[in-house]
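Listed below are the residues making up each chain.
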Amino acid sequence: QVQLVESGGGLVQAGGSLRLSCAASGRTFSTNAMGWFRQAPGKEREFVAYISWSGGRTYYVDSVKGRFTISRDNAENTVYLQMNSLKPEDTAVYVCAADRRTYYTSKSYYKDVEYDYWGQGTQVTVSS
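Cut-offs used in this document
- Residues numbered from 1 in each chain as written.
- Predicted model: local features only at pLDDT ≥ 70, side-chain atom pairs only at ≥ 80, totals over all residues.
- Heavy atoms only, no water.
- Helix = DSSP H or I, 4+ residues; strand = E, 2+ residues; numbered from the N terminus.
- Pairing = 2+ DSSP bridges.
- Axes fitted to C-alpha atoms, helices over the stretch in contact; angles between N-to-C directions.

Draft legend 1. Looking closely at unusual backbone geometry. One non-glycine residue, asparagine 77, adopts positive backbone phi at about 55°. Relative to the helices and strands, asparagine 77 is located in the loop between strand E7 (68-73) and strand E8 (78-83).

As structure tokens, this is what we get:
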């Protein structure tokens, strides 16, 4: 059974940093693109970051560019999201997702329908 398990969330003051992890089990995702999304209370789920299967391509939503960095360790079957200079508006549940297509880079990486596997999420709260 495929599972994506996020960790690393928590409460942090504005300007602080957190590093989220997404550990995959049940199959390897070393040949699959991965993404991070977030959902704040009362808002729709929002794309945050994408990393291609090789790690060679990364994309971010404009609001986090320069502050967040997505990376992956294929040997550990884990994807990370380093979040720096956090702002109160970054408060949300952060969820990782995986595309089941191998060696594939989607042009619609920002759409949640492009992903087949989802984790349960980890809460990030940024206080002002």
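Picking up after the structure, the text goes on.
Draft legend 2. Region of the structure containing the sheet that holds strand E3 (residues 18-25). Spatially, E1-E3-E8-E7 is the arrangement adopted by the 4 strands of the open sheet, whose pairing is antiparallel. Every other strand in the sheet has two partners, leaving strand E1 (3-7) and E7 as the edge strands with one partner each. The average angle at which neighbouring strand axes cross in this sheet is 15°, direction not considered. Two strands pair when backbone bridges link them, and E7 and E8 are joined in this way by 6 bridges, in the antiparallel orientation. By the bridge assignment for E8, phenylalanine 68 is matched with methionine 83.

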